[in-house]
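Structural overview for review
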Amino acid sequence: MQLQPLDESWSSVLREEFNADYFANLVHLIQAEKNEDKTIYPPASAIFRAFDSTPFSKVKVVILGQDPYHGEGQAHGLCFSVPKGVKLPPSLKNIYRELQACYPAYKVPTHGCLLAWATQGVFLLNAILTVRANEPASHAKIGWETFTDAVIRHLSDEREHLVFILWGAFAKSKAHLIDETKHLILTSGHPSFAASHKQFFGHHHFLKCNEYLEKTGQTAIDWQINNE
């Protein structure tokens, strides 16, 4: 099974990771599970969708998730996002609610596909890129975290003035990988249903993100998503 992004910029930046023994072991493990007829999400063609949608040089914002949704039809390679026609997960509903608090004119989309953000430079990265069906965190500690830690380090070291949005304890644990003298790090609680009311709402990360981008001479993100 071939596991690499189609985007050449990421393939070049991450060449050493793809050639490392741990990555070969990771691919072997996933293939072995497929051979045992286990269902893996997202589909192989979508595992690197975040990378293919947002080339390395185009990244302006990094939103870090933990691992893909584990229900049928939900995961499609962008953290917090679901394909059109799939019911909005609670976390995404809360993300949209916070956007309304930041921008009173914001119209909540009727779908949960965040590709429109990705194509503007919002890198929607899960720290773990695959999961077994109905088994959350089932592909934790098999190598993906080593890989995505390297991704974060490359972005921190080789780019400037990025915004890293880290929601929840897991995402915040990655802050040490980021050079805060070069980038903006925004942290809060996770937008999951249980944590949102106490820790997620009211931080205005979407506003702060755009203020920083404009201050550093970059184009702000249009967070509004069309319903088409």
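In the block above lies the structure referred to throughout.
Residues numbered from 1 in each chain as written. Predicted model: local features only at pLDDT ≥ 70, side-chain atom pairs only at ≥ 80, totals over all residues. Heavy atoms only, no water.

Tallied over the entire structure, the rule returns three salt bridges. A salt bridge links Arg132 to Glu33; the shortest N-O distance between them is 2.7 Å. Here the residue Arg132 occupies a position in strand E4 (residues 131–132), and Glu33 occupies one in helix H3 (residues 21–35), the gap between them amounting to 99 residues. A single burial state applies to Arg132 and to Glu33, both of which are buried. (Salt bridge = Lys/Arg side-chain N within 4 Å of Asp/Glu carboxyl O. Helix = DSSP H or I, 4+ residues; strand = E, 2+ residues; numbered from the N terminus. Buried < 20%, exposed > 50% of the residue type's maximum accessible area, 1.4 Å probe, protein only.)

A word on the side chain of Thr130. Its place among the elements puts Thr130 in the loop between strand E3 (122–126) and E4. On the basis of relative accessible area, Thr130 is assigned to the buried category, the value being 0%. Polar contacts involving the side chain of Thr130 include one to the side chain of His139, which spans 2.6 Å. Among the polar contacts made by the side chain of Thr130, one reaches the side chain of Trp144 at a distance of 2.8 Å. Beyond its immediate stretch of four places on either side in the chain, Thr130 contacts Ile30, Ile40, Tyr41, Pro42, Ile47, Pro68, His139 and Trp144. (Polar contact = N/O pair within 3.5 Å; in protein donor to acceptor, adjacent residues only side chain to side chain. Contact = heavy atoms within 4.5 Å.)

Think of two packed helices as two axes; the pair is described by the angle between the axes and how far apart they sit. Where H3 meets helix H7 (residues 144–158), the axes come as close as 9 Å, and the angle between the chain directions of the two elements is 130°. The angle between H3 and H7 places the two elements in the oblique class. Between H3 and H7 lies a crossing of left-handed hand. Side by side, H3 and H7 meet where Tyr22, Phe23, Leu26 and Ile30 of the first sit next to Trp144, Thr146 and Phe147 of the second. Taken together, the residues that form the contact of H3 with H7 break down as six nonpolar, one polar and no charged. (Axes fitted to C-alpha atoms, helices over the stretch in contact; angles between N-to-C directions. Parallel < 35°, antiparallel > 145°, perpendicular 65-115°, else oblique. Left-handed = near helix turned anticlockwise from the far one by under 90°. Nonpolar A, V, L, I, M, F, W, Y, C, P; charged D, E, K, R; others polar.)

So, on to the sheet that holds strand E5 (residues 163–167). With parallel pairing, four strands are arranged side by side in an open sheet as E3-E2-E5-E6. A single partner strand is all that each edge strand has here, and the edge strands are E3 and strand E6 (184–188). Each neighbouring strand pair of the sheet contributes to a mean axis angle of 20°, computed without reference to strand direction. Taken together, the five bridges between strand E2 (residues 61–65) and E3 define a ladder with parallel strand orientation. (Pairing = 2+ DSSP bridges.)

A few words now on the packing of aromatic side chains. According to the stated counting rule, one finds 23 aromatic pairs in the structure shown. Measuring from ring centre to ring centre gives 4.9 Å for Trp10 and Phe123, while their planes differ by 20°; the resulting arrangement is stacked. With a gap of 113 residues between them, Trp10 in helix H1 (residues 8–13) and Phe123 in strand E3 connect regions that are remote in the sequence. The two residues Trp10 and Phe123 agree in class, both being buried. Aromatic side chains Tyr96 and Tyr106 sit 6.5 Å apart centroid to centroid with 40° between the ring planes, which places their arrangement in the tilted category. With Tyr96 in helix H5 (residues 90–102) and Tyr106 in the loop between H5 and helix H6 (115–118), the pair connects residues that are ten residues apart, well separated along the chain. No difference in accessibility class separates Tyr96 from Tyr106, as the two residues are buried. Ring-pair connections join several aromatic residues into one group, and the members of that group are Trp10, Phe18, Tyr22, Phe23, Phe48, Phe51, Phe56, Phe123, Trp144 and Phe147. The aromatic ring of Phe201 is capped on one face by Arg97, whose charged end is 4.3 Å from the ring centroid. (Phe/Tyr/Trp six-rings, centres within 6.5 Å; stacked < 30°, edge-to-face > 60°. Lys NZ or Arg CZ within 6 Å of the ring centre and 35° of its normal.)

Structurally, Glu145 is set in helix H7. Comment: no salt bridge for buried Glu145; closest opposite-charge side chain is Lys174, at 6.4 Å. One polar contact links the side chain of Glu145 to the main-chain amide nitrogen of Lys141, over a distance of 3.0 Å. The contacts of Glu145, once residues within four sequence positions are left out, are Ala127, Ile128, Ala140 and Lys174. (Lys, Arg positive; Asp, Glu negative; His and termini not counted.)

It is worth spelling out unusual backbone geometry at this point. With the exception of glycine, most residues fall at negative phi, and the peptide bonds are largely trans. Pro42 follows Tyr41 through a cis peptide bond whose omega is -10°. With respect to the secondary-structure elements, Pro42 resides in the loop between strand E1 (40–41) and helix H4 (49–53). Of note, Phe80 is a non-glycine position whose phi angle comes to about 70°, a positive value. Notably, Lys141 is not glycine yet its phi reads approximately 65°, a positive angle.

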